[in-house]
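Topology and contacts: notes
Read off the chains here:
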Amino acid sequence: RTMERSGKFSDYLFAKMGPPTAPELPPKTTERSDAPVELTGYRRWLSDNLMLLVTLSGVLLGVVLGLSLRPLHLHGDSIMLISYPGELFMRVLKLMILPLVISSLIAGSASLNAKMNGKIALRTLVYFASTSFFNAALGIALVMLIHPGNPDLHNADDRSTDKRAVNLLDSLLDLGRNVFPDNLFQASIQQAHTVYLPKPSILHAFNETMNDTLATGVEAQRLAEDLAEEVVLVRDVQYRSGTNTLGIVFFCLVFGTFLGTIGQKGQVVVDFFAAIFEVIMKMVTCVMWLTPVGISSVIAGKILSVGDLGLVMAQLMWFIITVAIGVFIYQFVVMQAIYFVVVRRNPFKFYAGLIQAMLTAFATASTAAALPITFRCMNEKLRVDPRITRFVLPIGCNINMDGTALYIAVASIFIAQMSGMALGFGELLTVLLTSTAASMSSASVPSAALVLLLVVLTAIDAPVQDVTLLFAVDWFVDRIRTTNNMLGDCYTAAIVEELSRKELMALDAAYQDMPAGTPNGHSHGHLDGGLMEGQTELETSSKCAMTMTDSVVVDMSAVMNNVNLQQEHSNRRV
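Residues numbered from 1 in each chain as written. Predicted model: local features only at pLDDT ≥ 70, side-chain atom pairs only at ≥ 80, totals over all residues. Heavy atoms only, no water.

**Some details on the overall build of the protein chain**
What counts, and what does not: Elements are defined by DSSP. Helices are runs of H or I of four residues or more, strands are runs of E of two residues or more, and each kind is numbered from the N terminus. Residue burial considers only the protein chains on display, and all accessible areas are found by Shrake-Rupley using a 1.4 Å probe.
The helix and strand inventory of the protein chain stands at 27 helices and two strands. About 29,300 Å² of surface is accessible on the protein chain, with carbon and sulfur atoms providing 65% of the total.

**Some points on the packing of aromatic side chains**
Cut-off, in case you're wondering: Aromatic rings from Phe, Tyr and Trp, with only the six-membered ring used for Trp, were paired whenever their centres fell within 6.5 Å, and each pair was classed as stacked if the ring planes differed by under 30 degrees, edge-to-face if by over 60, and tilted otherwise. Per-residue accessibility, obtained with a 1.4 Å probe over protein chains only, is compared with the maximum for each type, and a residue is labelled buried under 20%, exposed over 50%, and partly exposed between these values.
Evaluated as defined, the whole model comprises 12 aromatic pairs. Ring centres of Phe251 and Phe255 lie 5.8 Å apart, and the angle between their planes is 20 degrees; on these two criteria the pair is classed as stacked. Here Phe255 and Phe251 lie together in helix α12 (residues 245–259), a separation of four residues that amounts to about one turn. Look at Phe251 and you get partly exposed, because its relative accessible area is 38%. Ring geometry for Phe350 and Tyr491: centres 5.0 Å apart, planes at 80 degrees, overall edge-to-face. One end of the pair, Phe350, is in helix α17 (residues 347–352); the other, Tyr491, is in helix α24 (residues 471–499), and 141 residues separate them in sequence. Judged by relative accessible area, Phe350 falls into the buried class, the value being 6%.

**Overview of the environment of Ala114**
Looking at the element boundaries, Ala114 is found in helix α7 (residues 114–146). The partly exposed category is assigned to Ala114, whose relative accessible area is 43%. A C-alpha to C-alpha distance of 9.2 Å links Ala114 and Val254, two positions 140 residues apart in sequence.

**A word on the pattern of salt bridges**
So the rule is basically this: In the sections that follow, a salt bridge refers to a side-chain nitrogen of Lys or Arg positioned within 4 Å of a carboxyl oxygen of Asp or Glu.
Counting across every chain of the model gives seven salt bridges. A salt bridge links Glu503 to Lys119, with the nearest nitrogen and oxygen atoms 3.8 Å apart. Of this pair, Glu503 sits in helix α25 (residues 501–511) while Lys119 sits in helix α7, and the two are 384 residues apart along the sequence. Across the pair Glu278 and Arg390 runs a salt bridge, and its minimum N-O distance is 3.9 Å. With Glu278 in helix α13 (residues 267–287) and Arg390 in helix α20 (residues 386–399), this pair connects stretches of sequence that are 112 residues apart. Sharing partners across several salt bridges, the network here consists of Lys119, Arg123 and Glu503.

Structure below.
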């Protein structure tokens with residue numbers, strides 16, 4: 001019996017390991033003649049970084065063109081024509097955001113089981129909240145140390161007496177309303193938000209009083225003034241134009257998670273969304289060749305549209321420097337240190353692979369607009385697991401706003417310093433918490449932080465009218481903080497991948513024994529939608545070999561346990 005068991009075990013082991021590999025034979029003459037010539041030296045570097053050079057040339061061309069045309073004082077129509085190609089470029093990028101987010105989230109979450117989706121989501125959200133909190137604290141420390149707020153910048157002519165009723169509670173409640181939309185089709189074109197309107201009964205009472213008393217003009221004016229002082233504003237939830245990406249992200253995560261649990265019946269749906277993702281990425285590759293014209297047009301038009309560039313920079317130079325120092329410290333010190341400690345690899349090599357996406361985010365001032373290029377860099381250049389990138393990046397471009405948290409903290413205290421306010425520990429703690437919460441409810445559109453800044457200023461009772469002073473430089477500071485937001489999403493994906501590596505390997509090993517027709521039973525290459533662009537069959541086969549090795553180890557340990565139990569049972573019988 002013992003011989004039979006050992007024979008079965010060796011048969012099982014050899015069956016799992018597969019047939020012995022044949023010795024490698026030299027390639028045939030025809031294959032050798034058809035093989036492409038491998039580039040070496042600077043030609044290979046140029047081929048690998050051609051798209052990066054194209055993007056960089058667009059940024060430099062836009063800066064040079066904008067600064068050289070400023071002395072000509074062009075007409076508004078001329079500036080509009082210069083900005084027009086960039087406007088079309090932005091529209092094409094934004095056109096691909098919705099199908100990209102939907103396809104990536106559904107295909108990514110369907111490739112993982114529900115428990116794995118929960119773990120990845122928890123790690124992602126905890127990391128997002130931690131980095132946003134740290135950036136807000138860093139911004140407070142820098143603005144208190146540098147003290148850029150100068151009361152002399154106060155210009156009474158620019159101040160408005162209009163006070164918008166904004167508070168943190170409304171912002172958080174709107175966040176919940178957008179996460180749980182009541183109409184999925186409406187969520188693709190509109191967002192819920194809270195507005196304050198006069199109470200209808202007051203206006204109705206005023207009209208009835210005027211009709212009943214037939215008051216004279218002087219009496220009517222006095223009555224209107226008295227009622228204006230007693231106007232009561234009430235909350236009203238309305239819808240404004242704009243894609244509710246948060247609601248779509250939540251629905252796609254839930255839909256994809258349950259799609260992965262229904263087995264063979266859901267396979268055609270998974271393949272459908274995986275094919276959509278591949279098509280969108282090919283479209284992104286084509287659009288990127290328009291980068292020099294599009295990005296240069298965007299930057300040149302923005303530089304030309306600023307009124308007095310020199311005066312604005314001179315007045316708010318220290319504010320810009322404070323934000324830039326905070327972004328620099330976080331990008332080149334904190335972010336790299338976290339990556340090195342967790343992933344144990346060279347962080348600056350990872351950073352260099354994201355330069356193209358960072359330049360696109362800088363030019364467009366939108367994390368969402370740069371999302372297609374970010375996917376391309378993460379999947380093709382840096383080889384981060386697509387199951388993680390498809391999960392983390394769409395969520396990150398809506399929730400993770402590291403640069404926005406830093407900017408809101410700096411800007412709110414800057415306005416308080418400019419108004420001569422003395423902030424104590426309680427006010428600073430309020431700024432820290434509200435900046436973190438407001439940044440996570442930010443929209444991934446340009447200049448959304450200016451609206452959230454009103455929330456923080458209202459919380460510390462600072463003058464909200466002075467926000468208009470920052471309008472002149474927000475076009476530039478917005479681009480600086482957007483790079484922080486985009487890089488934060490990418491580093492989060494890499495760190496979550498490393499923290500989830502054991503679960504991913506166990507998932508790959510478990511799927512080897514499942515039928516190939518189930519959504520969770522794909523090989524790793526099939527989960528990615530086949531071969532990624534630029535990926536060779538050799539690399540795919542090596543990945544499959546790695547997962548097969550993992551599955552053999554798992555099965556061998558299980559078989560060894562069974563064999564030991566059987567031996568103990570037979571010994572007891574003897």
